Structures are given as structure tokens and as C-alpha cells.
Amino acid sequence: MTDIFTKPELDRRTLLRRAAAVGLLATPAVSMLSACVGSSDEGTQDQATGTKSADNPLGIDPKAGVEIVIFNGGLGTKYATDVDTPLFNKKWPEAKVTYSQTEEISTQIQPRINAGNPPDMINNSGSKLMDFGAIVKAGQAADLTDLFAAPSLDIAGKTVADTLVPGAVEQGSYDGKPFAVNYSYTVFGLWYNAALFKKNNWTPPTTWAEFTALCDKIKAAGITPFGFAGANASYYMVRALLTSAGKIGTEQVLKDIDNLKEGAWTNDAVKQAAEAWAGIGKNYINKTFLGLRHTEVQLQQNQDKVAFYPCGSWLENEQAKDTPSGFEYAIAPYPSVTASDKLPATAINAAAGEIYFAAAKGKNPQGGKEYLRTMLSKEAALEFTKLTKSLTVVAGASDGVTISPGLTSANDAVTKAGKDVFMGYLFDTWYKKLDDESRAAANDLMFKDYDAAKFCERMEKASQAVAKDSSVTKFTRS
Amino acid sequence: MRHGKYPFIIGFLVVPVAIYVTFVVWAYIQAFYLSVYEWSGLGPVENFVGLGNFRKMFDDTTFWQSIKHNVFLLIFLPIITVVLALVFAFLLNVGGGHKGGVTRGVWGSKVYRVIFFFPQLLALAIVAVIFGRVFGPDKSGMLNGLFPESWQPWLFLADERYAMGCILVVLVWQAVGFYVVLFSAGMGNIPTEVYEAAAIDGASRVTLFFRITIPLLWNTVQVAWVYLGIAAFDAFALVNIMTVDRGGPDGATSVLSLMIYRNAFEFSQAGYASALGVVLFFLTLTFAWVTLSATRRESVEA
């Protein structure tokens, strides 16, 4: 999910360097880049600590420096340099914050983690994000129980956990223990241009029959009804498909998938969802999208050549520079697939995303946590939303503030869904390899074979292969 | 002067050897060591699995797909590149025939030489981005833009039947220039009298090419073959940048080097990646050895 903030053009720039390291040199490169095999188990270094008090609930050393690393992607880094760090220093003027940003988290951070010298707070994101499940398993992420139990920085009488939207702590928990702050709050659905729809008298569908009928009308108008970028954004399609499966059979379907339960992917709900979507792929997609990138298909949507794009609420900000005036981003929940879907048509998948964590073996993990507490204050959250047009997990932090049309629409969708907002699935961050397989399978389903049974069996096989692979750390949720 | 010899030699050798030992030899030893462990790359190395990682490869469809693609490149990249480079180099150097006592290349050969070499100057990453545009799957793609409006666009990289071929085309395009220059240098060492004598005897250009140029250039061709074979084991940058979902669609362009990278840095399977690296190491060595011994023949003295 965090892949979304990637800037593909920046990846390319550094590629040559990497290209040189592969080929014949690939073998040594693995150990070189992972760095210093064996040095990682040499115990932890001296860590900064202070005295716990009401004012200092995490017991940080007020004079110890804090090193943070921020991923520079779709959210930018301004929120860290212009909001969070000044706020942190307002409370802790003597603690020096050492800041750096990178477009490649794993390349920069993984060797340091291995060498036992990680930064204190890390934003693990982007297409080069580190496998967080593996980090937790390796004991490299600090347990955040004390952070969530600490009082909020600026919301009186509440702990940090109390101030967050439901599911936020759970999303960063591994086997029930919190290790990550998933900071930004993303709403997923079908994105469209409200202005175009108004002009043509089209209304977003709530049933699948309405959906296909509308797609026919859109097609007749010379517009591609639905599309996603196969070259680097097929996981949007995976999310669309599994959200439909979740609506058919409740979130339990997705929990089974996360828990690698046998038969989770061949479940009727997944089959029905895959069949319904395959029909959309067969009739309403432009086949060239398989070879296009997210930004290229996005551009076509901005030119009103594509009607629906399945995506998350970061989309508006990501496209902000290129959105023509008169284009009004709006979101529609995925329509019900069957008449007997267990969740209503308004149900929506919204989840915390974008991992921030404190390194367990850093010089100042408590300082890293205190920095996270600063980020989770109401003031920081509000500024973050203003800067990035993205909601945060801090509940209600941006209430009453005028925000962009897309974000307003996302907010409305969440309100309408009421109790039927569900978190979705976690297997994509738990098991990167399974995530990879799901992307290829979704591309096949939507662009090539339209075979729902084949999709389900393929994913079932991949999921069971992960279940049997002892080298992969397993997680469960309930 | 003699007494300064050893400090001179040592001065030149110590640093490079030290760098080589640290960053190549030692790293290889580590990779061999890691390949028998189940290691995520994020913590201490602990789970010894012996040959477990190698056994895992047998069941890994991506592994076999990747091997298949590397073999495809291994067959076609050297053949096409060497043949093209030889023909071009011949045309540039002797193709113009024998006039006024001088053997020369075709008209404008100096300009061609620059043009051929140009792709070599571009960073591979840039080449990949440019060719991503050339092979664009819709009308905004350069090749599709050249086709008549009424044609269905070709999907190129998005079609698993053609994707690997597209990669091959780019690799050849990039490599040919270098080998043109290499073969040109080789041809420059062939005494012109040989050509002149043959020309006087009435040999055609084709005869000159097969009877004189190729035999006298054999060692250079052999080296080129090995280099290109090693390049065929790589192809990482192109595949990583150009293809659908990196190595797609559906694994249709996956290669070993990409697999190593993704396992090590994306799937947190550094142990498995090391094992793949070890396999790649032996494949490359075997290839070089087989090529060198299979192509050995009496060198022809000019």
C-alpha cells in the first residue's frame, strides 16, 4: 500500500549505480549491501534515557539527540521539517533533531540496521520499503506500547491511543503488540471526475447491474469506463477486488487471507468478486493500460479519457500539479456485487497507512517515540493534512477545516459508511512475496484470461506456499 | 633505477588488490557462507539450512522462468551482436574496397563510427527509460505512433510473447557500437598487404570477410563472445525499469539478477538471494569456460 508514494522517475536516476552492483557482482553485492554479517548480534549500544515524569511520560533524556529519516515521496518532507521538528524542539529545545530524507529507505537504512546503528525514528515507505514483518521478527522495531499509553501531547485527558481512529493501533500491531504508527489515513474506492459525471447526468452506481449499465453508457460516449495501470499499480486492482470480496462476505474473508488459512482464496466471496471484476476487465478496460504506469493512466483520467480509477485518497494530492481546473475528484464506494452482500453498498475500505517506527537498537529509541508522540498531536496532524491533503489517524484533527473536493468526498464516504468502515487486509505488508503474486495474478485476470477460478487457485497455491515456507515470519490477526 | 622497482610495483598493486580482496573476494566468501542459511538480511544470521535454499529453487517457478530468459539472452545476444558488429566493422574498415592503393571503409564511415558508438555513452538507465517510450503500448508510444492510425497498437512490453524480445533488441542496440570499435581496432592490426594481395587475386568482399577478416580476428571475437555472454546473465537495469511490474507481465521477463535483488531487498530473503547468487556465479564461470574451450582453435599468424 505504501508503494503509492513512489516517484518512479527518481528510482531510475539511482538505478545505474545499482545496475553496476548486479550482474557478476550480484553475489557479493547481497552481502556487501546487507553489510557486516555477524556484527548485528553484538548486543545493543548504550541508549539514552531520562527520568519519567508527568511532563516526560516516555522518560527521554532531554539533551540527547534524535535522528530521524523521512521517505521523500508523494507526501513530501515539509511536514517533518516545517511542522514536526519545530514542534518537538518547542518542548525539547536542547534535543538536537538530526534529519535526513531518502527516496530509497531500504538501501539507506538496512545496512545501518544490520550494523547496529539505526536512526531513532524511521519512515518506512516507498517502493523500496523494508519488509516490516521481517524487521519486527528481527527485533529491530521498538515496542510502542508505552507510546500509545502515554498522554496525548495536546489533547487533554486522553492517551495517545484514545485520540486515534479505530483500527489505527491494530494496523501497526504484530501478533497483538504495536510496533508501528501508520500515520496517514487512506480511503479506498472508485475515483471519478464529479464535473464530468454531472455534465453527462451519470450517477455513481450502487449495484453491479448499475455499474455495468453505466459502463455501457460511458463506453458509448467514447470514454474508457474503467482502468488501472498494470505496469506499476496493479495492487490498486488487488485492493478493489478484495474490497468487493470483503463486502460480499464481511472482513472475515480478508482476515482468513491474512492468516493464510487454507481455502481463504478459493472462498465463494473471493470467487464472486473475481468473476465480477473479470467481467469489467473483459468489456470495459483499455488493454494498453497493462503496459502503462500510474501517472500515465492518471493523465488520461485527467483528460476525461478514463471514467473510473480504483485508488486511495492520496490520489488528489499526488495529481495536484497536473489536475486541470474544472476537474473535481470524487470517490464512490465499490458497488455491491450480489443482492446478498453481507455489507451494504456504502461500506468502504479505509485504513491507516505509511509506517513510522522507532528503532529498538538505536541510540535513543525513547526520543524516537517522543518524536512520534509529537506527530500524533492534534496540531501536527492538522498541519500534515493541510500540507499533504491527506487525513491522519488522529481522529477529527481536521474537523471544521476547509479541505479539497476529493478529501471532502472521502470524508463524506466514511461518514455514510458509518460502522461499515473496514480496515481491509495486511498480507501485502506481511508477506511481500504473496503481494507480488497477487499483482501479477490481478493483471492476468483483468487484462488477459478473465478466469476467476484460475485467479483463486493461483493465489491459494501461493498463499499455501508462504504458509509452508519456514523462512517467512508468520503473523496472525483476529 | 633497479633499486626502485619493488616499491614501485608494490605501490601500484597493494591498493587495488586490497580493494579487490575486500569488496569482491571477501564478499563472495560471505555470499557462499550466507547461501546455506535462512537469513532475512535484517538481523543475526542463525538458521542453518544446508542446501535448503538450493532445494527451494527447484520448486520456484520464477527461478526456472528466469533461467529460461537468461538462456534466451545467452543464445541470441552474442550471436546477433557479434554478427552485426563484425559486418559493420568490416564495412567501416574494408567495405569500401581497394582504391588508389588504399583499403578503405564505405563512404562516410567516420560519421557512422560515431553514430554506432553513441549508445555506449548513454547510461543504461536512460536507455531503458527512452526505450520504455519507444515500446509504449498505445499511440503515444513511438513505434505504435509510426503505424497507421487504423492498426491496433502493439503491446510490446505488455505482451509476454514479445516482452523478452524487446529487451533483447535494446541490449543489442546498446552493445553493438562497442564491438564495432573493438573489431575495428582488431582489423586495424591486419596488415593491408594481406587485403591488397587478396584483392589483386580477385577476391570479393564476401571472400575477404570470411577468409581473411574472421580468421585473423578470431581472438577478439572470442573475447567479445564471453563478454556478451556475461552481459546476458545480467540485464537487470533494463528489466527493472522497462517491464510491467518489474519482470512481468506475469514473470515473462524475469531474470536471475532481478530475482536476486528482489529476494534480498524486497522479500527479505537474503539467504535465498545469496544462494541464487552462488548459482549465478557458477553459471557464469561454466559459460566462460565452455565458450573459451569450445571456440579454441589454432590462431592464424598475420
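Parameters at a glance
- Residues numbered from 1 in each chain as written.
- Chains lettered and ligands numbered in written order.
- Predicted model: local features only at pLDDT ≥ 70, side-chain atom pairs only at ≥ 80, totals over all residues.
- Heavy atoms only, no water.
- UniProt positions renumbered as here; feature names shortened; annotations may be inferred.
- Helix = DSSP H or I, 4+ residues; strand = E, 2+ residues; numbered from the N terminus.
- Rg over C-alpha atoms; globule rule 2.2 N^0.38 Å.
- Buried < 20%, exposed > 50% of the residue type's maximum accessible area, 1.4 Å probe, protein only.
- Contact = heavy atoms within 4.5 Å.
- Areas by Shrake-Rupley, 256 points an atom, 1.4 Å probe, with all protein chains shown as cover.
- Lys, Arg positive; Asp, Glu negative; His and termini not counted.
- Charge placed at Lys NZ, Arg CZ, Asp CG, Glu CD.
- Polar contact = N/O pair within 3.5 Å; in protein donor to acceptor, adjacent residues only side chain to side chain.
- Core = buried A, V, L, I, M, F, W, Y, C linked by side-chain atoms within 4.5 Å.
- Domains from an automatic or database assignment.
- Axes fitted to C-alpha atoms, helices over the stretch in contact; angles between N-to-C directions.
- Left-handed = near helix turned anticlockwise from the far one by under 90°.
- Nonpolar A, V, L, I, M, F, W, Y, C, P; charged D, E, K, R; others polar.
- Parallel < 35°, antiparallel > 145°, perpendicular 65-115°, else oblique.
- Buried area = accessible area lost by both parts, 1.4 Å probe.
- Salt bridge = Lys/Arg side-chain N within 4 Å of Asp/Glu carboxyl O.
- Phe/Tyr/Trp six-rings, centres within 6.5 Å; stacked < 30°, edge-to-face > 60°.
- Lys NZ or Arg CZ within 6 Å of the ring centre and 35° of its normal.

- The name an unreviewed UniProt entry assigns to chain B is N-acetylglucosamine transport system permease protein, from the organism Paractinoplanes abujensis.
- Its UniProt record, at the heading Subcellular location (unreviewed entry), says of chain B: "Cell membrane".
- Listed in UniProt under the heading Sequence similarities (unreviewed entry), the comment for chain B reads: "Belongs to the binding-protein-dependent transport system permease family."

- Per an unreviewed UniProt entry, the recorded name for chain A is N-acetylglucosamine transport system substrate-binding protein, and the organism is Paractinoplanes abujensis.
- Chain A has a UniProt comment under Subcellular location (unreviewed entry) that states "Cell envelope".

1. Notes on the overall build of chain A
Consideration 1: Summing up its helical and strand segments, chain A has 21 helices and 12 strands in all.
Consideration 2: Here the C-alpha radius of gyration of chain A, 22 Å, is about what a compact globule of 478 residues would show, namely 23 Å.
Consideration 3: Seen through its principal axes, chain A has C-alpha atoms that stretch 65 × 55 × 40 Å.
Consideration 4: In chain A, buried positions account for 62% of the 478 residues.

2. Looking at the overall build of chain B
Consideration 1: The number of helices and strands found in chain B is 12 helices and 4 strands.
Consideration 2: Projecting the C-alpha coordinates of chain B onto the three principal axes gives extents of approximately 80 × 75 × 35 Å.
Consideration 3: In chain B, 65% of the contacts between residues at least 6 apart in sequence involve partners at least 24 apart.
Consideration 4: Of the roughly 15,200 Å² of accessible surface on chain B, a fraction of 69% belongs to carbon and sulfur atoms.
Consideration 5: Each charge sign in chain B was given a centre, from 18 positive and 17 negative side chains, and these centres are 10 Å apart.

3. Thoughts on the environment of Arg246 of chain B
Consideration 1: Counting through the fold element by element, Arg246 of chain B comes out in the loop between helix H10 (236-242) and helix H11 (256-265).
Consideration 2: When the C-alpha atoms of Arg246 of chain B and Met259 of chain B are compared, they prove to be 10.0 Å apart, with 13 residues separating the residues in sequence.
Consideration 3: Among residues more than four places away in sequence, those in contact with Arg246 of chain B are Lys128 of chain A together with Val239, Asn240, Leu258, Tyr261, Arg262 and Glu266 of chain B.
Consideration 4: Within polar-contact distance, the side chain of Arg246 of chain B engages the side chain of Asn240 of chain B at 3.4 Å.

4. Details of the nonpolar core
Consideration 1: By size, the foremost hydrophobic cluster in this structure holds 157 residues, and its most contacted members are Phe132, Phe226, Leu242, Trp277 and Phe308 of chain A.
Consideration 2: Inspection of this core shows a minimum of three residues originating in each of domain 1 (66-184 + 351-411) and domain 2 (187-350 + 425-468) of chain A.
Consideration 3: Beyond its immediate chain neighbours, meaning those up to four positions away, Trp277 of chain A contacts Trp208, Phe211, Phe226, Met237, Ala240, Leu241, Ser244, Tyr334 and Met446 of chain A.
Consideration 4: Counting residues in each nonpolar core, the second largest holds 70 residues, with Cys166, Ile190, Ala232 and Tyr261 of chain B among its members.

5. With respect to unusual backbone geometry
Excluding glycine, residues mostly carry a negative phi; peptide bonds, for their part, are mostly trans.
Consideration 1: If you check the backbone angles, Tyr450 of chain A has positive phi at about 50° while not being a glycine.
Consideration 2: Structurally, the position occupied by Tyr450 of chain A is in the loop between helix H20 (432-449) and helix H21 (452-468).
Consideration 3: In the Ramachandran plot, Asp250 of chain B falls in the positive-phi region, its phi being about 55° despite a non-glycine side chain.
Consideration 4: Take Asp250 of chain B: it is sitting in the loop between H10 and H11.
Consideration 5: Asp250 of chain B sits in the partly exposed class, given a relative accessible area of 25%.

6. A word on the packing of helix H8 (residues 192-200) of chain B against helix H9 (residues 205-232) of chain B
Residues and elements named next belong to chain B.
Consideration 1: Running from N to C, H8 and H9 cross one another at 145°; their axes reach a closest spacing of 11 Å. Considering how the two elements wind past one another, H8 and H9 form a crossing that is right-handed. Residues Val194, Tyr195 and Ala198 of H8 lie in contact with H9, whose contacting residues are Leu208, Ile212 and Thr213.
Consideration 2: Considering only residue class, the contact of H8 with H9 consists of 5 nonpolar, 1 polar and no charged.

7. Description of the UniProt feature "transmembrane region" (unreviewed entry) in chain B
Residue and element names in this part refer to chain B.
Consideration 1: According to UniProt, the positions carrying the feature "transmembrane region" (unreviewed entry) are residues 7-29, 71-94, 114-135, 162-182, 224-244 and 270-292.
Consideration 2: Annotated as residues 7-29, this span is 100% helix and 0% strand, and its ends, taken at the C-alpha atoms, are 30 Å apart.
Consideration 3: Across residues 224-244 one finds 76% helix and 0% strand; the C-alpha atoms that close the span lie 31 Å apart.

8. Considering the packing of helix H3 (residues 61-93) of chain B against helix H7 (residues 163-188) of chain B
All names here are of chain B.
Consideration 1: With their axes 7 Å apart at the nearest point, H3 and H7 run at an angle of 40° to one another. As the angle between them shows, H3 and H7 are arranged oblique. As H3 packs across H7, the resulting crossing turns out to be right-handed.

9. What to know about the side chain of Ser390 of chain A
All names here are of chain A.
Consideration 1: Along the chain, the position of Ser390 falls in the loop between helix H17 (378-388) and strand E11 (391-392).
Consideration 2: Residue Ser390 is classed as buried on the basis of its relative accessible area of 6%.
Consideration 3: Excluding residues within four positions of it along the chain, Ser390 makes contact with Leu75, Phe384, Thr385 and Leu407.

10. A short note on the side chain of Gln366 of chain A
All names here are of chain A.
Consideration 1: Along the chain, Gln366 falls in helix H16 (residues 365-375).
Consideration 2: Relative accessible area serves as the criterion here: at 14%, Gln366 is assigned to the buried category.
Consideration 3: Residue contacts for Gln366: discarding those within four places in its chain leaves Leu58, Gly59, Ile60 and Asp146.

11. Overview of the interface of chain B and chain A
Consideration 1: Contact with chain B, which involves 62 residues of that partner, is made by 56 residues of chain A.
Consideration 2: Summing the contributions of chain B and of chain A, the shared interface buries around 4,800 Å²; its carbon and sulfur component is 61%.
Consideration 3: Inspection of the region where chain B meets chain A yields 5 salt bridges.
Consideration 4: Put simply, Asp469 of chain A and Lys56 of chain B hold a salt bridge, and the shortest N to O gap is 3.2 Å.
Consideration 5: Residue assignment for the side of chain B that touches chain A shows that the elements contributing at least two residues are helix H1 (5-34), helix H5 (124-134), H10, H11 and helix H12 (270-294) of chain B.
Consideration 6: Its residues assigned to classes, the side of chain B that touches chain A shows 36 nonpolar, 14 polar and 12 charged.

12. Considerations on the domain arrangement of chain A
Residues and elements named next belong to chain A.
Consideration 1: As assigned here, chain A comprises domain 1 (66-184 + 351-411) and domain 2 (187-350 + 425-468).
Consideration 2: Summarising the inter-unit geometry, the C-alpha centres of domain 1 and domain 2 are found 28 Å apart.
Consideration 3: Contacts between the two partners involve 16 residues from domain 1 and, on the opposite side, 17 residues from domain 2.
Consideration 4: For the pair domain 1 and domain 2, the two sides together bury roughly 1,400 Å², of which 53% comes from carbon and sulfur.
Consideration 5: On the domain 1 side of the contact with domain 2, Ala351, Lys389 and Ala410 bury the most area, a combined 30% of that side's loss.
Consideration 6: Applying the counting rule to domain 1 against domain 2 returns 0 salt bridges.
Consideration 7: Scanning the region where domain 1 abuts domain 2 turns up 5 residue pairs in polar contact (both at pLDDT 80 or more).
Consideration 8: For the side of domain 1 that touches domain 2, the elements supplying multiple residues, two or more each, are H17 and helix H18 (405-417).

13. Digging into the packing of aromatic side chains
Consideration 1: With the rule as written, the count across this model stands at 55 aromatic pairs over all chains.
Consideration 2: Arranged with centres 6.4 Å apart and planes meeting at 50°, the rings of Tyr174 of chain A and Trp430 of chain A form a pair that is tilted. Here the residue Tyr174 of chain A occupies a position in strand E4 (residues 173-174), and Trp430 of chain A occupies one in helix H19 (residues 427-430), the gap between them amounting to 256 residues.
Consideration 3: What makes Trp430 of chain A buried here is its relative accessible area of 2%.
Consideration 4: Here the aromatic rings of Tyr33 of chain B and Tyr37 of chain B are separated by 5.1 Å at their centres, their planes lie at 50°, and the arrangement is tilted.
Consideration 5: When its relative accessible area of 41% is taken as the criterion, Tyr33 of chain B is described as partly exposed.
Consideration 6: Here Tyr37 of chain B falls in the buried class, since its relative accessible area comes to 15%.
Consideration 7: A network of ring pairs unites the aromatic residues Tyr192, Phe197, Trp202, Trp208, Phe211, Phe226, Trp277, Phe308 and Tyr334 of chain A as a single cluster.
Consideration 8: One Lys or Arg, Arg239 of chain A, reaches over the ring of Phe188 of chain A and ends 4.1 Å from the middle of that ring.
Consideration 9: Taking the ring centre of Tyr425 of chain A as reference, the NZ or CZ of Arg239 of chain A above it sits at 4.4 Å.

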